[in-house]
Amino acid sequence: MKKFLSLVLALVMTMSLVTIGAGATEYKDLTDKKEIQYEEAVAVLNKLGIITGYEDGSFKPTGALTRGAAAKIIVSLMIGSDAASSLTVAAAPYKDVPVTNTFAAVISYCKTAGYINGYSDGTFRPTAALTGYAFAKMLLGALGYKGTVEGFSGSGWTMKVASVGNTAGLYNDFNTPFQGNAGITREQACQLALNTLKATEVEYKGDKVNVTGTGINVSIDGSDRKNVENTSKTDGNIQKTNVNASGKDGLMQFAEEHFTDLKQVAGTSITDDFGRPSNKWSYKNVTVGTYAKTADFSFTANGSGDSSLDKLKSLGIDGYKIDKNTAVMLNNYNMASSVTNTPKPTGAIVVFPGTTESALKLSSSTTWMDNLTSFFGNGVKVEVYMDDATADLIKSIVIIRTEMMEVNSVSSKNVSLKAADDTAPHQAVATVKDTDDAFASLKGLKAEDYTLVTYRLDGGNFVVDSVAAPQTVTGALTAVSRNDKSEVNGVTVGGTAYKLAKVKDFNTFKDLTAASISASKKDVTLYLDAYGYATYIKDAGSTSNYMIIGDSYQTLVNGKLVKTLTGWDMKGVETSINIGTDTNSYTFGSVIKYTNTSKNNADYEVSTVANPVKPTNTVKGEKGFVNAAIAPVNSYDNHISDGTNTYYFASNVKTIFLDFNGGTTVDSIYVKDGVANIAADEIYKAATATTPEIKNAQLYVNSDGAVEAIVVKTTSSDAISNNTMFVEYAASSTSDNGTKKYTYNVWVDGVENPDGQIVSTDNIDGKTFVTYTKNADGTYKLSAVTATNTSTSSFRLTLTKENIRTDNKNLVYSIKSATTGAPAVKAFANLSTIKANSWGANDGVLAGTPAATELNLGTAKWADLTDNGFTSLKDLYNSNLLSDTDVIYLTIVLNNKTNAENVLKVAQVVVNGFGTKAPSIG
């Protein structure tokens, strides 16, 4: 074989360069790296240039290996990727492989070497898929196995390849048993090729005999196969088991001949980040990576049975041995060590018996066995590695726990995580920095998102190794199951039963009873780990919650008037509760507590809530709300006061402003993540001789005594008109069982009919701004916006070019400008008079507007009904269609409260017309 290779290499030196390959993306840069199951094989083969990524940065691990690509891999293994890419060919090796074919040269090489055979029709079919055994046959040929001797042709050849390949170790370390008759994928081909690099080469003893005669032509190869010896300095580059201390075995592994700069170290001290026995690879003295070996046993579920021995029996490892040198690594913490490092994950230290190996078949009363089995559980990955020298001795046990956590905070530099529920046991982990591998997966999340976190000990701290999004299931909670200790061990959600994960937020499951299931009036959300076990549940058996009341309505149920309160929860999410025949009056805009009930045709009843209990160091307080804050708040503050107590803000605090829109009900809210700037008059007004004290804020305080929401009962100057649209005209109207329905043409944020024309039972005049909510049946509830001093307002605005500030063309001068000599704008009219079919008659000064107030239209969304493409004041100012004296007719919607610069922010603008004639309004 060596003589043949030398001839080939000499031939290569004389050939011109022809590049063969699909690209050269390095493993670390592969875009689909997370999809690769055989990381070690792909990384090593990629480093050697034998199989590379595509030009688009992907590897396509599950893509089929073609016959042509297989030939390229074989030749690259034999003579190196550079030399393989340099091969040329003068004649077509097969009739369907012309010299111009990308793989013609390597196919010709393999044909000459006897690694491949064509079909009986003279074709090779280079683009056809390859079976695992067909590729293994080629690799065995590269290792020196002779097909003529081993029976790799004719009927039954696959059985021969299966047997010889298994002996050579080609099928080791596959995630599932190797299926040689099936097509082989690119990453499976890498695993076969990696096993070839580690495999020992063979040669045959005995002379080759040729017998010729009349009608006879017989060639018999020497059939005495033996391993090739290695007495060179490369011996030990690929370390084998059961060898001397230097790792040498005196035999020639394939890589030791063909890739002399490639080294694999597999000593007892080589472990990965989780403590798993591993291989460490380097090429030309540069580390490729450290990769865990394939475990002899792998479990992700708990053993069955009452005793520890029963559980071990059910797992199939009760007959193996263990001793004091057996390591138990829990997320890289040595649980079998007498060294009690800090911090330590939950779990008992396991001290195994002394030097005498003890079988795992003792009584369940053995303490170390009880400790050991306590680490197994649903959703916990447990890998068992056997000792290479002693077949039935367990060398190490590696346990990897994954926990559901909640994102605490996200910034451009780091992400912090916390327990999914602050009352649950929790493994604290270090903040993830932008230099950590997990940061890329976390930076797109936001506070309060949930993620599955796999952590490990690193330098005295538990760090985040990787994260993954949990699978969620939403549906009715209909049943729970319990173990013999009456502990909840499963739930049925949406008609499907789920077992509980061992590592879970226990408190969300432990109190589930028939009564709590009955109390769940809405669907629950169940979070599953990577193995399909339930790890967290929300809204299960919730007996109380909090909401801001926005409105109420009554419906007739079984002859009784039933009341429903609508509003928002403490995160600003719309919600509603049925309080049955409750006849009490409630103040819209107030925070209330509600509790499950089955009385009075109700799902919930509103309960009286005192201020929350302030927690101690050991006891959590009761959630609740405080009436109310009295001091202004700055966005940089970390606390707020009610005059008596100081409350600190939670990391996920929200500021919620209410828009009463001039009426008694709350039409919309404005939610700001974090703390907003809240002016003194927005949060508190002291009593005077003629007016009582007014507290405009409530604080929602969690069980830690931290503020999670500041509810401000007025509109912020930072808030910009939520849920508003412009009704241009009624396109049609119909009558449905006596109820009249109107179809409207509308504009939302400058876009005409973004979801098509809308239908509403509310009769709205044309050219009007409205607030809206969408009903469950697809119709809309509309309410005309009126002018007020402290919330979303709408006005007619008439102006000319001279009224636009020329310095930035975003601002319009007020009616009483602070700038001497600046033109006045007779611009503000109350929307209550907009039904008149003329402009100007009711123009007037906006009540309460400071003298220096200006209108800022710079960030407004524009709708131009004139179809001239006006999208800003600058467009109007520069337009050749308008003279300096032409009147511009606009309708605007804005927050009618000035900010610190005495500027009113306009949210939306509608251009109704321009010129000397005012447009029609109705």
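Note that the coordinates shown come from a computational prediction; the quantities given were computed from them, not determined experimentally.

1. Here we look at the overall build of the protein
Link 1 in the chain: Of regular secondary structure, the protein possesses 17 helices and 51 strands.
Link 2 in the chain: Put simply, the protein has 922 residues, and 47% of those count as buried.
Link 3 in the chain: Sequence-distant contacts in the protein: of pairs separated by 6 or more residues, those separated by 24 or more amount to 59%.
Link 4 in the chain: A total of about 43,100 Å² of accessible surface is found on the protein, and carbon and sulfur atoms cover 47% of it.

2. Brief notes about the packing of helix α2 (residues 39–47) against helix α9 (residues 186–198)
Link 1 in the chain: Packing of α2 against α9 leaves a shortest axis separation of 8 Å and a crossing angle of 75°. The orientation of α2 with respect to α9, classified from their angle, is roughly perpendicular. Between α2, through Glu40, Ala41, Val42, Val44 and Leu45, and α9, the contact on the second element is made entirely by Glu187, Cys190, Gln191, Ala193, Leu194 and Leu197.
Link 2 in the chain: Across the contact of α2 with α9, the residue classes break down as eight nonpolar, one polar and two charged.

3. Observations concerning the sheet that holds strand β7 (residues 286–292)
Link 1 in the chain: Strand order across the open sheet formed by three strands is β5-β6-β7, with antiparallel pairing between neighbours. Edge positions in the sheet fall to β5 (262–265) and β7, since each of these pairs with one other strand and no more. Within the sheet, the average angular offset between the axes of one strand and its neighbour, ignoring direction, is 20°.
Link 2 in the chain: When strand β6 (residues 278–283) meets β7, the two strands line up antiparallel, connected through six bridges. Directly across from asparagine 279, in β7, lies its bridge partner tyrosine 291.

4. Things to note about the environment of valine 503
Link 1 in the chain: Residue position: valine 503 is located in the loop between β23 (496–499) and α14 (507–510).
Link 2 in the chain: Contacts of valine 503, omitting those with residues within four sequence positions, involve Val380, Arg401, Thr402, Glu403 and Thr535.

5. A look at the sheet that holds strand β24 (residues 524–528)
Link 1 in the chain: One open sheet holds the three strands; their spatial order is β20-β24-β25, and the pairing between them is antiparallel. Of all the strands in the sheet, the pair left with one neighbour each is β20 (471–475) and β25 (534–538). Looking at each pair of strands side by side, their axes are set apart by 25° on average, direction ignored.
Link 2 in the chain: Where β20 and β24 come together, five bridges link them in antiparallel fashion. Bridge pairing in β24 places threonine 474 opposite threonine 525.

6. Quick notes on the packing of helix α6 (residues 132–142) against helix α8 (residues 157–168)
Each pair of packed helices gets described by two things: the angle between the helix axes and the distance between those axes.
Link 1 in the chain: Orientation of α6 relative to α8, taken along the N-to-C sense of each, is 60°, at an axis distance of 10 Å. The orientation of α6 with respect to α8, classified from their angle, is oblique. Classified by chirality, the crossing of α8 by α6 is left-handed. On α8, the residues touching Tyr133, Ala134, Ala136, Lys137 and Leu140 of α6 are Trp157, Thr158, Val161, Ala162, Val164, Gly165 and Ala168.
Link 2 in the chain: Partitioning the contact of α6 with α8 into residue classes produces nine nonpolar, two polar and one charged.

7. Side note on helix α5 (residues 104–113)
Given 3.6 residues per turn, any residue in an α-helix points the same way as the ones three and four places further on.
Link 1 in the chain: Where burial is concerned, most of α5 is hidden: seven out of the ten residues are buried.
Link 2 in the chain: Among all positions in α5, only Ala104, Ala105, Val106, Ile107, Ser108, Tyr109 and Cys110 are buried.
Link 3 in the chain: Phi turns positive one or two residues past the end of α5, at glycine 114, with a value near 85°.

8. A look at unusual backbone geometry
Link 1 in the chain: Positioned with a positive phi, asparagine 285 is a non-glycine residue whose angle comes to about 65°.
Link 2 in the chain: In this model, asparagine 331 sits at a positive phi of 50°, which is unusual for a non-glycine residue.
Link 3 in the chain: Structurally, asparagine 331 is set in the loop between β10 (327–330) and β11 (333–334).
Link 4 in the chain: Classification of asparagine 331 by relative accessible area gives buried; the value is 0%.

9. Details of the side chain of glutamate 728
Link 1 in the chain: Note that glutamate 728 resides in strand β39 (residues 724–736).
Link 2 in the chain: Here glutamate 728 occupies a buried position and makes no salt bridge, while the nearest side chain of opposite charge, lysine 767, is found at 6.1 Å.
Link 3 in the chain: Apart from residues no more than four positions distant in its own chain, glutamate 728 is found in contact with Asn745, Val746, Trp747, Glu752, Gly766, Lys767 and Leu865.

10. Let's talk about the pairing of strand β44 (residues 780–784)
Link 1 in the chain: Two strands pair when backbone bridges link them, and strand β43 (residues 768–774) and β44 are joined in this way by five bridges, in the antiparallel orientation. Counterpart to valine 770 in the pairing with β44 is alanine 784.

11. Focus: the pattern of salt bridges
Link 1 in the chain: Applying the stated criterion across every chain, the model contains 17 salt bridges.
Link 2 in the chain: Among the ionic pairs, arginine 456 bridges to aspartate 273, the shortest N-O distance being 3.8 Å. Placement of arginine 456 in strand β18 (residues 450–458) and of aspartate 273 in the loop between β5 and β6 is noted, with a sequence separation of 183 residues between them.
Link 3 in the chain: You can call aspartate 273 partly exposed: its relative accessible area is 43%.

12. With respect to α6
Link 1 in the chain: Most of α6 is tucked away: eleven of the eleven residues are buried.
Link 2 in the chain: Where α6 is buried, its residues meet α3 (67–79), α8, α9 and α10 (254–258).
Link 3 in the chain: One or two steps after α6, the chain reaches glycine 144, where phi turns positive at roughly 105°.

13. Digging into the nonpolar core
Link 1 in the chain: Judged by nonpolar contacts, the single largest core of 75 residues is most densely connected at Phe135 and Leu197.
Link 2 in the chain: The leading source of residues in this core is α3, at nine residues.
Link 3 in the chain: Non-local contacts of phenylalanine 135, meaning those with residues more than four positions away in its chain, are made with Leu65, Ala70, Ile73, Ile74, Leu130, Ile184, Ala189 and Leu192.
Link 4 in the chain: Core analysis: the second largest hydrophobic core is formed by 42 residues, Tyr333, Ala336, Trp368 and Phe439 among them.

14. Regarding a negative patch on the surface
Link 1 in the chain: Taken together, Asp306, Asp310, Asp484 and Glu487 make up a surface patch of like negative charges.
Link 2 in the chain: Secondary-structure assignment places aspartate 306 in the loop between β8 (297–299) and α11 (308–315).

15. What about the side chain of serine 76?
Link 1 in the chain: Within the secondary structure, serine 76 is located in helix α3.
Link 2 in the chain: Judged by its relative accessible area of 0%, serine 76 falls in the buried class.
Link 3 in the chain: Setting aside residues up to four positions removed in sequence, serine 76 forms contacts with Ile50, Ser81, Ala84 and Phe259.

16. Some words on the pairing of β6
Link 1 in the chain: Most of β6 is tucked away, with five of its six residues classed as buried.
Link 2 in the chain: Relative to β6, β5 runs antiparallel, the two sharing four bridges. Its bridge partner being in β6, leucine 262 is matched across the sheet by tyrosine 283.
Link 3 in the chain: Taking the residues between adjacent antiparallel strands as the criterion, β6 and β7 are bridged by two residues, where lysine 284 takes a positive phi near 55°.

17. Comments concerning the packing of aromatic side chains
Link 1 in the chain: Tallying each qualifying case throughout the model produces 21 aromatic pairs.
Link 2 in the chain: Taken together, a centroid distance of 5.7 Å and an interplanar angle of 55° make the contact between tyrosine 527 and tyrosine 536 tilted. For the pair shown, tyrosine 527 and tyrosine 536 are each scored as buried.
Link 3 in the chain: Relative to tyrosine 670, the ring of phenylalanine 657 lies with its centre 6.1 Å away and its plane at 35°, an arrangement referred to as tilted. Of this pair, phenylalanine 657 sits in strand β33 (residues 646–659) while tyrosine 670 sits in strand β34 (residues 668–673), placing them 13 residues apart in sequence.
Link 4 in the chain: For phenylalanine 657, a relative accessible area of 1% puts it in the buried group.
Link 5 in the chain: Residue classification places tyrosine 670 among the partly exposed residues on the basis of a relative accessible area of 22%.
Link 6 in the chain: Linked through ring pairs, Tyr38, Tyr133, Tyr171, Phe174 and Phe178 together constitute an aromatic cluster.
Link 7 in the chain: Directly above the ring of tyrosine 54 sits lysine 60, whose terminal nitrogen or CZ lies 4.4 Å from the centroid.
Link 8 in the chain: A cation over a ring is seen here: lysine 111 above tyrosine 94, with NZ or CZ 4.5 Å from the ring centre.

Parameters at a glance
Residues numbered from 1 in each chain as written. Predicted model: local features only at pLDDT ≥ 70, side-chain atom pairs only at ≥ 80, totals over all residues. Heavy atoms only, no water. Helix = DSSP H or I, 4+ residues; strand = E, 2+ residues; numbered from the N terminus. Buried < 20%, exposed > 50% of the residue type's maximum accessible area, 1.4 Å probe, protein only. Contact = heavy atoms within 4.5 Å. Areas by Shrake-Rupley, 256 points an atom, 1.4 Å probe, with all protein chains shown as cover. Axes fitted to C-alpha atoms, helices over the stretch in contact; angles between N-to-C directions. Parallel < 35°, antiparallel > 145°, perpendicular 65-115°, else oblique. Nonpolar A, V, L, I, M, F, W, Y, C, P; charged D, E, K, R; others polar. Pairing = 2+ DSSP bridges. Left-handed = near helix turned anticlockwise from the far one by under 90°. Lys, Arg positive; Asp, Glu negative; His and termini not counted. Salt bridge = Lys/Arg side-chain N within 4 Å of Asp/Glu carboxyl O. Core = buried A, V, L, I, M, F, W, Y, C linked by side-chain atoms within 4.5 Å. Patch = residues over 30% accessible without salt bridge, like charges linked within 9 Å, V, L, I, M, F, W, Y side chains within 5 Å. Charge placed at Lys NZ, Arg CZ, Asp CG, Glu CD. Phe/Tyr/Trp six-rings, centres within 6.5 Å; stacked < 30°, edge-to-face > 60°. Lys NZ or Arg CZ within 6 Å of the ring centre and 35° of its normal.

Interpretation note: all reported values are geometric properties and have no functional meaning in isolation.
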